[in-house]
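# Understanding the architecture of this molecule
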Amino acid sequence: MSRIHLPSTSDIIVIGGGPAGASAARILSAWGHGVLLLTKSQSPMPTLAESLPPSCRKLFRAIGVLEAIDEAGFYRSTGNTFWWGNDQMRSEHFADDERGYQVVRREFDHLLRDQAEAANTTVVESTVKRVEFDADDTATVHVATDSDCRTPVAVEARVVLDCSGRSGIIARRGFRRQSAMPLTLAIAGVWERPEGWSLAEPSHTLVEAYHDGWAWSVPVSTSRRYVTVMVDPRETDLDKAGKIAATYRRELAKTREISGLTHDAQLSEAPWACDASVYSASRCAGSTFLLVGDAASFIDPLSSFGVKKAISSAWMAAIVANTCLVRPDMGEVARNFYTAREMEIFSTYAKRTAAYFRDGATMHDHPFWTGRSELNYDLDHNSPTAIDLDSVRRDPTVQASFAELKNSAEIALTPGDGLEIERWPGIAGREVVLEERLGLETPITGRVAVRFVRNVDLPALVRIAGHHRHVPDLFEAYNQRYSPVILPDFLGALSLLLATGALINGFGKEV
Ligand SMILES: Cc1cc2nc3c(=O)[nH]c(=O)nc-3n(C[C@H](O)[C@H](O)[C@H](O)COP(=O)(O)OP(=O)(O)OC[C@H]3O[C@@H](n4cnc5c(N)ncnc54)[C@H](O)[C@@H]3O)c2cc1C
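In this report, we go over the structure that sits alongside the text. (Residues numbered from 1 in each chain as written. Predicted model: local features only at pLDDT ≥ 70, side-chain atom pairs only at ≥ 80, totals over all residues. Heavy atoms only, no water.)

### Focus on the overall build of the protein
Going by this rule: Helix and strand definitions here come from DSSP, where helices need a minimum of 4 consecutive H or I residues and strands a minimum of 2 consecutive E residues; each element is numbered from the N-terminal end. With a 1.4 Å probe rolled over the protein chains alone, any residue whose accessible area is under 20% of its type maximum counts as buried; one over 50% counts as exposed, and the rest are partly exposed. The method behind every accessible area is Shrake-Rupley, applied with a 1.4 Å probe, and residues are considered shielded solely by the protein chains displayed. This count recognises Lys and Arg as positive and Asp and Glu as negative, with His and chain-terminal groups excluded. Positions of charges follow a simple convention, taking NZ of Lys, CZ of Arg, CG of Asp or CD of Glu.
Per the secondary structure count, the protein includes 14 helices and 27 strands. With respect to the three principal axes, the spread of C-alpha positions in the protein is 85 × 60 × 40 Å. By the burial criterion, 55% of the 511 residues in the protein qualify as buried. Surface summary for the protein: the accessible area is close to 22,900 Å², and the carbon and sulfur share equals 50%. Each charge class in the protein was averaged separately, 54 positive and 65 negative side chains, and the resulting centres sit 2 Å apart.

### Quick notes on the site of the ligand
Cut-off, in case you're wondering: Near residues are defined by distance, with any heavy atom within 4 Å of the molecule or strand qualifying the residue. Nitrogen and oxygen atoms within 3.5 Å of one another constitute a polar contact, given that in protein one can donate a hydrogen and the other can accept it, and given that sequence-neighbouring residues count only through two side-chain atoms. Here the term charged refers only to Asp, Glu, Lys and Arg, the term nonpolar to Ala, Val, Leu, Ile, Met, Phe, Trp, Tyr, Cys and Pro, and the term polar to all other amino acids, Gly among them.
Neighbouring the ligand are 36 residues, the closest being E50, S51, R105, D294 and V307. In this structure, V128 approaches the ligand through a main-chain N or O atom, which is 2.9 Å from a nitrogen atom. Take D294: an N or O atom from its main chain is 2.8 Å from an oxygen atom of the ligand. Contact with the protein chains hides 90% of the accessible area of the ligand, taken as 1,000 Å² for the molecule alone. Among the elements of the structure, α1 (19-30), β2 (35-39), β3 (49-52), β9 (127-133) and α7 (306-326) are those that each provide at least two residues to the shell around the ligand. Its residues placed into classes, the shell around the ligand shows 18 nonpolar, 13 polar and 5 charged.

Rendered as structure tokens:
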């Protein structure tokens, strides 16, 4: 490697040019910050092919890369096919005929890094050796600029984003939580069958459970597919004495459908293995750093949501980093908000995959399955901030308030004793701000701090409620001033405010 020139400072340093790092760098550069993205040189090892669900498109559009991704010509999939929990094949098509992407990660990551560069990020291929945090709220990143790493170069930054994935260059300095989680090893191979595969849905990702592991196959063209087995080095009956290729073939032979698929295909890359064990973090932010994407937490590959999670984590990290730089007094609020959100997302995905493993365990009574189904992923995070209006509508007090509203010729709404306005962090554009929420308690939800119910802005509704004598006038005034909502949602929200005592209707009552 020839010696690389690096600046001595940068507003923001992003370590790692995977989906999280490239996306965060692109967003922050587009917002006018100086961003240096440092990423290891690509190893000659093959990379995995991964499935990205159609819902990623919304994120791609938000960060301005959708067109480039669509033009790149990745193989598109129409859904997933499972043999899971029973012997029956289950084929699921993506809703509304949408299509996902089957991407070879080397190509996908390259595209995202190019997109970051196009937005003015300085992208440098080099390895970060360590990061030091200085007392004056700067961080110093030590970068290897020559192949023997004898003279790492120091670059100072106000914010460092650790997007180094499983390596976790900052995350591993005491923040990673992994010990209680099961281990998963992925062993992958690439198969060719020039005449294609005899499958009803050749673009589908295939997932097959077997006695002590599961197999997964991602097609990247009509003739080439990646086939990976997920095993537990402690629980799966692995052929550890043999070479990795023999272990791989032995595991594959435990499947019925996927081994049938590959029996007359050509293995075109020697199988390789990588760690796919789940982990989280005790916190995801410090005064000058954020842990982003897989550096913060890793969800089971079964979900197929790792890349989506990484990009949405990058989006949030960009908002938090921007807040720290332009409004330092909000820095701590923003960082705590970030940690809470990352933990909530990890725990939501993890609970969902534990349920899939419970399904698998109904057919395979083996520690591989039972161990993964029994995990308790409840992490400490703040009290709930969302209300499911449909379930709240079953509350008799909400129903009574709704009936009263319907029968009221007039209304006279005033704040009640149950009105508690709290200040909570939320997002406004590119910043974390403190926004008003209402502290409400219902028998169904318990206590929640909430701003919106079905898009109805509750503090805003409380503010204008007293200015109108008829519900239709209040509804019209609300829709003129704020983002319009539909009448059933508006009435549901108003009934909730009355039922919880945040508002009272004085019409026709003695004062
Ligand atoms: C077996 C398996 C199957 C998966 N299947 C899917 C799937 O089908 N769909 C899906 O959405 N997700 C899948 N995932 C998850 C997905 O791969 C990750 O969630 C995603 O890659 C996270 O992106 P990231 O940018 O956070 O981290 P990474 O993609 O790991 O990127 C980290 C980057 O940091 C660089 N780096 C590391 N250390 C340093 C350093 N010291 N200095 C400089 N650079 C450094 C690395 O080279 C890399 O470029 C799978 C994962 C595994 C293991």
